[in-house]
Amino acid sequence: MEVALVTVGDELLAGDTENTNATWLARQLTERGATVARMLTIPDDRALIARWVGDYSEAFDAVIVTGGLGDTPDDVTIEAVADAFDRDLAVQPEVRDRIAEKARQFREEDPEYYETHDFDLDVDETAALPEGARPLQTAESFNPGCVVENVYVFPGFPEELRVMFDSVAGEFGGDAVSASVETATPEGALKDVLDGVRERFDVAVGSYPARRGKPGRVKVTGTDPATVERAVEWVDERVADPDGEE
């Protein structure tokens, strides 16, 4: 299963917010055997989001889009996803009812805060999703996410994103397995090993240099566990271990 990740937000591109969502999602997908084939960060631009969501939806098995689900003018992700599939926005009664109930609970729990800040909630606007979408609603999120064909739309707040992803995590998977060899061999001296393992085994291979006091790694990925195991053994025999032995 090949998945593309699209993280949306001007604040990500400006460096005001660290893009932890992309790293977390990539790790979750990889652990489930899926392959993250693309990772893209784009601004809150409706036309741009629609373009890439549409392109990636055709090119990959699934697309995950995060961010831009709020009620401020710059939150245009839902509209952009609808544009990508040439769909109108529609309000599903059960989505609207759940949002209205959450708003009521919030108002009852802290009426002074609610009145002080003069919340102006348009429940229909908040509940609107691309026509025919499967809504995703959790206790942690006020604004709904959704699934449109093979595109999954999640909130940008990490706590909300993680709970919503967990609700559909079983829909992501694949046959990819990986294993790594730690090594003291510098990355610049690994060319023959990297070329050799690719030639001998049906695997993908990558090298990750030593950093922050940790040794370097050679990572081997494939779809057959036995092949990956043999490839890792072959690499391990040809690189220096972290203790300095050959």
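Residues numbered from 1 in each chain as written. Predicted model: local features only at pLDDT ≥ 70, side-chain atom pairs only at ≥ 80, totals over all residues. Heavy atoms only, no water.

An unreviewed UniProt entry lists the protein under the name Competence/damage-inducible protein A, with Halosimplex rubrum as the source organism.

Student: Is there a simple way to think about the domain arrangement of the protein in this case?
Tutor: As a measure of interface size, the accessible area lost when the parts come together is often cited. As far as domains go, the protein holds domain 1 (2–171) and domain 2 (177–237). Taking the mean C-alpha position of each, domain 1 and domain 2 sit 36 Å from one another. (Domains from an automatic or database assignment.)

Student: Would you mind going over the nonpolar core with me for this structure?
Tutor: Proteins that are soluble and globular tend to have nonpolar side chains buried together. By size, the foremost hydrophobic cluster in this structure holds 28 residues, and its most contacted members are Val6, Ile49, Tyr56, Val65, Cys146, Val151 and Val153. A total of four residues in this core trace back to one element, the largest contributor, which is helix α3 (residues 46–59). Filtering out sequence-adjacent residues up to four positions away, tyrosine 56 remains in contact with Ala4, Val6, Arg38, Leu40 and Val63. In this structure, Val3, Ala26, Ala34 and Val147 belong to the second largest nonpolar core, which totals 19 residues. (Core = buried A, V, L, I, M, F, W, Y, C linked by side-chain atoms within 4.5 Å. Buried < 20%, exposed > 50% of the residue type's maximum accessible area, 1.4 Å probe, protein only. Helix = DSSP H or I, 4+ residues; strand = E, 2+ residues; numbered from the N terminus. Contact = heavy atoms within 4.5 Å.)

Student: Which parts of the structure should I look at to understand the environment of leucine 13?
Tutor: Along the chain, the position of leucine 13 falls in helix α1 (residues 10–13). Linking leucine 13 and alanine 176, residues 163 residues apart in sequence, is a C-alpha distance of 31 Å. Sequence-distant contacts of leucine 13, defined by excluding residues within four places in its chain, comprise Thr41, Ile42 and Pro43.

Student: What is the right way to read helix α2 (residues 20–31) from this model?
Tutor: Structurally, the α-helix is built with 3.6 residues per turn, so residues lying three or four positions apart point the same way. With 12 residues, α2 should cover 16 Å at 1.5 Å per step; its first-to-last C-alpha distance of 17 Å lies within 8% of that length. Looking only at α2, the buried set comprises Asn21, Ala22, Trp24, Leu25, Ala26, Gln28 and Leu29. Just beyond α2, the residue with positive phi is glycine 33, at close to 90°. (Expected span 1.5 Å × (residues − 1).)

Student: Got a minute to help me understand the sheet that holds strand β6 (residues 134–136) in this structure?
Tutor: Strand pairing in a sheet relies on backbone hydrogen bonds, with the paired strands running either antiparallel or parallel. A sheet is described by the order of its strands in space; here six strands give the open sequence β2-β1-β3-β8-β7-β6, paired in mixed fashion. In this open sheet, the two edge strands, each paired with only one partner strand, are β2 (35–42) and β6. Taking each pair of neighbouring strands and ignoring which way they run, the sheet shows an average axis angle of 15°. Bridging between strand β1 (residues 2–8) and strand β3 (residues 62–66) involves five bridges; their strand directions are parallel. Looking at the pairing, threonine 7 lines up with threonine 66 of β3. Along the sheet, helix α4 (residues 77–84) makes contact with β1, β3, β7 (145–148) and β8 (151–154), crossing β8 at roughly 170°. (Pairing = 2+ DSSP bridges. Axes fitted to C-alpha atoms, helices over the stretch in contact; angles between N-to-C directions.)

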